[in-house]
Amino acid sequence: MIIGASTSCFYPMLTENALDSVIDLGFKAAEIFFNSSCELDDSFTTEMRRHADAAGTKIVSVHPFSSFIENTCIFGEYERRYDDFIDLYKKQFHAAAVLGADIAVIHGAYAVQKRDIPEELYFDRFAKLIEFGKAEGVRVCQENVVRFRSQSLDFLKRMRAVFGDDFNMVFDIKQAIRSGYDPFVVAEEMKDSIVHLHISDNTPDCDCLPPGRGTFDFKRLFDMMNGAGYSGNAVIEIYSKGFDVYDELAKSREFFEKI
């Protein structure tokens, strides 16, 4: 398992500069969090891929910038709006392929809405995303996210039952905590479906800290995943507000080298 970092850690730094920061810190895996539609152009992604390849850093995953509209534009009932916006996801999956990433992270629909959509519609729309991803060699993955349907472990289990081998999950430690779960309970239940990890540290008083600053037992998590035959990577995903992110990520990389 390679420990990397997400460009989202440096937001609102320009995405290409954030990738260069990840590379400068010596990480050999990176997640690209797109922040605008122009960043999906082949010229842009090709240049980022060139920078990463030159440094021996593998771009392993992408996170669409449009997560905030997925609820209404991808998983909403209004068919015409879905038709208008689905091409944006096709472009993001293509951008992932150009970058060499085979994972795309999806948040999905809100847990509570004015008009609650049937699970069957959610699963139908997600199945379409999966097929569009496959066309680019990209696995479209459900992330567990607080305030979204995927905050529920029972929902994730039902989704897994529907999709079988096509169900792939991104497991986020802080999001499990914010959803009211012991992260190890979620990881244990879903470990055979998890293909990517978003990692951060925590304490009883703070649910998101740079790795090495809290009390989370990373060795336990890594041992659990490796025992399940995990072949994916783990990327640090923290927020820049309140931290000197560059310095903290440098310390986190050193922290993981000792585990």
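Residues numbered from 1 in each chain as written. Predicted model: local features only at pLDDT ≥ 70, side-chain atom pairs only at ≥ 80, totals over all residues. Heavy atoms only, no water.

> Honestly, the overall build of the protein in this entry has me stumped. Any pointers?
Each helix and strand counted, the protein has 10 helices and 10 strands in total. Here the protein has a C-alpha radius of gyration of 17 Å; the compact-globule value for 259 residues is 18 Å, and the two agree. With the principal axes as the frame, the protein shows a C-alpha extent of 50 × 40 × 35 Å. Per-residue burial over the protein gives 53% buried out of 259 residues. A separation threshold of at least 6 residues defines the contact pool for the protein, and within that pool the share at least 24 residues apart is 77%. A total of about 11400 Å² of accessible surface is found on the protein, and carbon and sulfur atoms cover 50% of it. Charge-centre separation for the protein: the mean point of 29 positive side chains lies 2 Å from the mean point of 42 negative side chains. (Helix = DSSP H or I, 4+ residues; strand = E, 2+ residues; numbered from the N terminus. Rg over C-alpha atoms; globule rule 2.2 N^0.38 Å. Buried < 20%, exposed > 50% of the residue type's maximum accessible area, 1.4 Å probe, protein only. Contact = heavy atoms within 4.5 Å. Areas by Shrake-Rupley, 256 points an atom, 1.4 Å probe, with all protein chains shown as cover. Lys, Arg positive; Asp, Glu negative; His and termini not counted. Charge placed at Lys NZ, Arg CZ, Asp CG, Glu CD.)

> Could you clarify how one ought to interpret the pattern of salt bridges in this entry?
A side chain with one charge can pair with a side chain of the opposite charge if their charged atoms come near. Within the structure shown, the criterion is met by 20 salt bridges. Residues Asp53 and Arg49 are paired through a salt bridge, measuring 3.0 Å at the closest nitrogen-oxygen approach. Highlighted residues: Asp53 and Arg49, both in helix 2 (residues 42-55), separated by four residues, approximately one helical turn. Taking the relative accessible area as the measure of exposure, Asp53 reaches 46% and is therefore partly exposed. You can call Arg49 partly exposed: its relative accessible area is 28%. In this structure, Glu189 engages Arg160 in a salt bridge whose closest nitrogen and oxygen atoms are separated by 2.6 Å. Taken together, the residues Glu189 in helix 8 (residues 183-190) and Arg160 in helix 6 (residues 153-163) connect sequence positions 29 residues apart. The class of Arg160 is partly exposed, set by a relative accessible area of 24%. (Salt bridge = Lys/Arg side-chain N within 4 Å of Asp/Glu carboxyl O.)

> Help me understand the nonpolar core, please; the structure alone is not making it clear to me.
In summary, soluble globular proteins display a tendency toward joint burial of nonpolar side chains. Counting residues in hydrophobic clusters, the biggest one holds 76 residues, and the most contacted among them are Phe171 and Leu249. Not counting chain neighbours up to four residues away, the residues in contact with Leu249 comprise Ala5, Cys9, Phe10, Leu25, Phe27, Ile236 and Ile238. Counting five residues, the second-largest nonpolar core is a separate cluster that includes Ile103, Val105, Cys141 and Val170. (Core = buried A, V, L, I, M, F, W, Y, C linked by side-chain atoms within 4.5 Å.)

> Would you take a moment to explain the side chain of Ser8 for this structure?
Within the element layout of this structure, Ser8 appears in the loop between strand 1 (3-6) and helix 1 (15-24). Within the local environment of Ser8, its side chain forms a polar contact with the side chain of Ser6, the two groups lying 2.7 Å apart. Apart from residues lying up to four places away in sequence, Ser8 is in contact with Phe33, Glu237 and Ile238. (Polar contact = N/O pair within 3.5 Å; in protein donor to acceptor, adjacent residues only side chain to side chain.)

> Quick question: what am I supposed to make of the pairing of strand 7 (residues 194-199) here?
As a general feature of sheets, a regular strand has side chains that alternate between the two faces. Burial analysis of strand 7 places six of its six residues in the buried class, which makes it a mostly covered element. As judged from the four bridges shared by strand 6 (residues 169-172) and strand 7, these two strands associate in the parallel manner. The residue bridging Met169 from the neighbouring strand is Ile194, located in strand 7. The pairing of strand 7 with strand 10 (residues 234-236) spans three bridges and is parallel. Counterpart to His198 in the pairing with strand 10 is Val235. (Pairing = 2+ DSSP bridges.)

> Explain the pairing of strand 2 (residues 29-33) here, please?
Counting buried positions along strand 2 yields five of five residues, so the element is predominantly enclosed. Pairing geometry for strand 1 and strand 2, over two bridges, is parallel. When the bridges of strand 2 are listed, Ser6 appears paired with Glu31. Following the backbone out of strand 1, through helix 1 and into the adjacent parallel strand 2, one traces a crossover that is right-handed. For strand 2 and strand 3 (residues 58-63), the ladder comprises five bridges, and the chain directions are parallel. In the sheet register, Glu31 faces strand 3, and the bridge partner there is Ser61. Taken together, strand 2, helix 2 and strand 3 constitute a β-α-β crossover, and its handedness is right-handed. (Right-handed = clockwise from strand over helix to strand, strands pointing away.)

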